Amino acid sequence: MKHNFGAGPGILPHEVIKQASQGVIDFNGIGLSILEISHRSAEFESVLSEAIKLVKELLQVPEGYSVLFLQGGASQQFAMVPYNLLPENGKAAYLETGVWANKASKEAKYFGEVQTIGSSKESNFTYIPKDYEVPADAAYFHITSNNTIYGTQMQEFKPSPVPMVADMSSDIFSRKFNVADFSLIYAGAQKNMGPAGVTLVIIKDDILGKVNRKIPAMFNYQTQIEGGSMYNTPPVFAVYVSMLTLNWLKAKGGVEAIEKENNAKAAALYREIDRNSLFKGVSAIEDRSKMNVCFVMNNPEHEKPFLKLCDDKGIVGIKGHRSVGGFRASIYNALPITSVHVLIDAMQEFAEKNK
Ligand code: PMP
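Throughout, residues of each chain are indexed from 1 in the direction in which the sequence is written. For this predicted model, a pLDDT threshold of at least 70 governs which residues receive local features, and a threshold of 80 or more governs which side-chain atom pairs are given and counted, while totals over whole chains, interfaces and linings are taken from all residues.

K.L.:
Quick one: what's the story with the pairing of strand β10 (residues 199-204), residue by residue and with numbers?
P.N.:
Most of β10 sits inside the fold, with five of its six residues counted as buried. A strand pair is defined by DSSP finding two or more bridges across the two strands. Secondary structure counts use DSSP, requiring at least four H or I residues in a row for a helix and at least two E residues in a row for a strand, with both numbered from the N terminus. Judged from the five bridges that link them, strand β9 (residues 184-188) and β10 form a sheet pairing that is antiparallel. Within β10, the residue paired with L184 across the bridge is I203. Exposed residues have 12 or fewer other C-beta atoms within 10 Å of their own C-beta, buried residues have 20 or more, and residues in between are partly exposed; the C-beta atoms are placed from the backbone.

Here is the structure:
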C-alpha cells in the first residue's frame with residue numbers, strides 16, 4: 001500500500017475509488033457504464049442534484065447562493081471572476097500570497113484595475129500578510145485561503161467591506177467556515193472533492209449583473225446558473241466521483257468531524273518537524289497550513305537519502321514544489337492518520353541513523 005502525500009490531484013478515499021470503478025462497469029445496476037449515459041438522463045440528473053445537495057449540506061450554504069459544477073479548473077475561475085464581477089472602470093483588490101494568487105490577479109488585469117493590497121512575495125510567500133486594508137471602492141476582494149505550494153493558510157477571514165472572493169482549491173471541505181462571509185468561492189475538485197476535471201463554484205446570486213460588458217455564454221455565471229451547470233455537457237464522471245466523495249465525507253460526520261482529524265494529523269506532523277533537529281518548517285508558525293505541510297532539512301545533503309527512505313516505505317508525492325524545495329506532505333481529507341505516522345516514523349528512523 002502506498003501513502004499518498006501528493007499535492008494534487010490528491011488522494012481519494014479507497015472506498016470511493018472502488019465505488020467509482022463499479023460505476024464505470026455498471027452504474028447502479030442499469031446495465032450501462034456511467035461513462036456512456038446521457039447527461040440528460042434521469043440517472044445523471046440525480047447524481048448532479050445529489051452532489052449539489054451534499055455541497056449545500058456539508059458547507060451549510062445559505063439561501064441566495066447557487067452551487068455550480070463547471071469545467072476549466074480553478075484557473076478558468078481566475079478569469080471568470082473578473083469577467084463577471086469587475087466593471088470596466090472599476091478596480092479589484094487582491095492579496096498576493098503565492099503563485100496562484102498571482103495568476104488570479106494577472107487575469108483580472110485584462111478586465112480592469114487591480115490593486116495588490118498585501119504581498120509576501122519578498123519572503124517567497126512564507127507567511128500571510130495581515131496588515132492590509134481593503135479599499136471600500138473595490139468591486140471585490142480576492143484571497144487564496146490555502147497556498148498549496150508554500151504551505152500557508154489563512155486561519156481566519158477578516159470581514160471585508162466589499163464582496164469577498166476566495167480560491168479554496170486546496171482546503172475546501174477540510175474545515176468549518178462561514179459561506180455567508182463570501183460572495184464567491186471556487187475550488188478545483190482535485191484535492192478534497194474529487195478527481196480533476198470539475199470545479200466547484202458557490203456564488204451569491206445578487207453579485208451578478210453589475211458589469212456591462214458582453215460575456216460569452218460559457219464564461220457567464222448567469223448562463224451557467226440558468227442551465228443548472230448543464231449549459232453544455234458537464235464532466236459526468238468527475239461530478240459522479242465528487243458526489244461519492246462528498247457522500248463519504250457526510251458519512252464520516254461531515255466537515256466538523258474531518259476538521260478534527262485534519263487538526264490531529266497536522267499537529268502530529270508539525271510536532272515532529274519542530275522536535276526533530278534534522279528538519280525545519282518552511283512557513284511562519286501562525287500561518288501553517290493544515291493541508292500542505294512544507295519542510296526542509298537543515299543539511300540539504302540529507303534530502304536525497306531521506307526521499308529514498310520514504311520511497312522504500314511507500315511514501316509518495318512528498319517532494320517539495322520546485323519553487324520551495326525540500327518536502328511537501330499534503331495531508332488532505334482522505335489521507336488517514338496512519339499514513340502520517342508512517343512518515344513520522346521515517347523521519348525518526350532517518351534521524352536515528354544520521355545522528
Ligand atoms: N489555486 C490553487 C490554490 C491551487 O492549488 C491550484 C492547483 N494546484 C490552482 C489554483 C489551479 O488549479 P487548476 O489546475 O484546477 O486550474
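K.L.:
Break down the packing of helix α7 (residues 254-275) against helix α9 (residues 337-353) for me, with residues and values.
P.N.:
To obtain an axis, a line is fitted to C-alpha atoms, over the contacting stretch when the element is a helix, and the angle between two such axes runs from 0 to 180 degrees between their N-to-C directions. Taken N-terminus to C-terminus, the directions of α7 and α9 make an angle of 0 degrees; their axes are 10 Å apart at the nearest point. Judged by the angle between their axes, α7 and α9 are roughly parallel. Residues E261, A264, K265, A268, L269 and E272 of α7 touch α9, and the partners they reach there are I337, V340, L343, I344 and M347. For classification purposes, angles smaller than 35 degrees are called roughly parallel, those larger than 145 roughly antiparallel, those between 65 and 115 roughly perpendicular, and all remaining angles oblique. Working definition of a contact: two residues with C-beta atoms, positioned from the backbone, lying within 7 Å.

K.L.:
Break down unusual backbone geometry for me, with residues and values.
P.N.:
For the bond running from G8 to P9, omega is -10 degrees, close enough to zero to count as cis. With respect to the element layout, P9 can be found in the loop between β1 (3-4) and α1 (14-25). Of note, the phi angle at Q60 is positive, near 45 degrees, even though the residue is not glycine. Note on placement: Q60 falls in the loop between α2 (42-59) and β2 (65-70). One non-glycine residue, S229, lies in the positive phi region at around 65 degrees. Owing to 22 C-beta atoms within 10 Å, S229 belongs among the buried residues under this scheme.

K.L.:
Can you explain the domain arrangement of the protein? Please cite residues and give values.
P.N.:
Where each domain starts and ends comes from a domain assignment, either automatic or drawn from a database. Partitioning the protein into structural domains gives domain 1 (14-251) and domain 2 (253-353). Computed from C-alpha atoms alone, the centre-to-centre distance between domain 1 and domain 2 is 27 Å. Only α2, β7 (152-153) and α6 (236-251) provide two or more residues apiece to the side of domain 1 that touches domain 2. In terms of residue class, the side of domain 1 that touches domain 2 is made up of eight nonpolar, ten polar and five charged. Amino acid classes used here: Ala, Val, Leu, Ile, Met, Phe, Trp, Tyr, Cys and Pro are nonpolar; Asp, Glu, Lys and Arg are charged; the rest, including Gly, are polar.

K.L.:
Can you lay out the packing of α2 against α6 for me, pointing to particular residues and giving the numbers?
P.N.:
Where α2 contacts α6, the two axes come as close as 9 Å, and the packing angle between them is 40 degrees. Relative to α6, the element α2 is oriented oblique. Crossing geometry of α2 relative to α6 is assigned as left-handed. Note on element contacts: α6 touches α2 through V236, V239, Y240, S242, M243, L246, N247, L249 and K250, opposite F44, V47, L48, E50, A51, L54, V55, E57 and L58. Taken together, the residues of the contact of α2 with α6 sort by class into 13 nonpolar, two polar and three charged. We call a crossing left-handed when the near helix sits turned anticlockwise from the far one by less than a right angle, and right-handed when that turn is clockwise.

K.L.:
Can you lay out the site of the ligand for me, pointing to particular residues and giving the numbers?
P.N.:
Taken together, G8, G73, A74, S75, W100, T144, T148, D167, S169, S170 and G188 are the residues near the ligand. Across the shell around the ligand, the residue classes tally to two nonpolar, eight polar and one charged. Whether a residue is near a molecule or strand depends on its C-beta atom, generated from backbone atoms, being within 6 Å of that molecule or strand.

K.L.:
Before we move on, can you summarise the nonpolar core with the specific residues and values?
P.N.:
Nonpolar cores are built from buried Ala, Val, Leu, Ile, Met, Phe, Trp, Tyr and Cys residues. These are joined into a set through C-beta atoms within 7 Å. Of all hydrophobic cores here, the largest spans 101 residues; its most connected members are A51, A92, L200, V239 and I331. The dominant element in this core, judged by the number of residues it contributes, is α6, at nine residues. Both domain 1 (14-251) and domain 2 (253-353) contribute no fewer than three residues apiece to this core. The contact partners of L200, leaving out residues within four places of it in the chain, are V55, F69, I172, Y186, A187, A189 and M193.

K.L.:
Account for the sheet that holds strand β5 (residues 141-144), naming residues and giving values.
P.N.:
Read across the open sheet, the seven strands follow the order β2-β10-β9-β8-β5-β3-β4; overall the sheet is mixed. For this open sheet the edge positions go to β2 and β4 (113-119), each flanked by a neighbour on one side alone. Direction aside, the axes of adjacent strands within the sheet are offset by 15 degrees on average. The strands touched by helix α4 (residues 99-108) within the sheet are β3 (91-96), β4, β5 and β8 (164-167), with β3 carrying the most contacts at an inclination of about 165 degrees.

K.L.:
Give a detailed account of the UniProt feature "binding site: L-glutamate" (unreviewed entry) in the protein, specifying residues and quantitative values.
P.N.:
UniProt positions are given in the numbering used here, feature names are shortened, and annotations may be inferred rather than shown by experiment. The residues that UniProt annotates with the feature "binding site: L-glutamate" (unreviewed entry) are R40. Within the element layout of this structure, R40 appears in the loop between α1 and α2.

K.L.:
Describe in detail α7, supporting the description with residues and values.
P.N.:
Over its 22 residues, α7 extends 32 Å from the first C-alpha to the last, a length consistent with the 32 Å expected when each residue adds 1.5 Å. All buried positions along α7 are accounted for by V255, I258, N262, K265, A266, L269, E272 and I273. On an axial view of α7, the arc spanned by its buried residues comes to 125 degrees, and they lie on one face. Summarising the geometry of α7, the exposed residues directed more than 90 degrees from the buried face are E256, K260, A267, R271 and R275. Those residues of α7 hidden inside the fold are in contact with α2, α6, β11 (279-281), β12 (292-297), β14 (327-330) and α9. Helices are assigned an expected span. That span is 1.5 Å times one less than the residue count. Regarding the arc, it is the one traced by the directions from the helix axis to the C-beta atoms.

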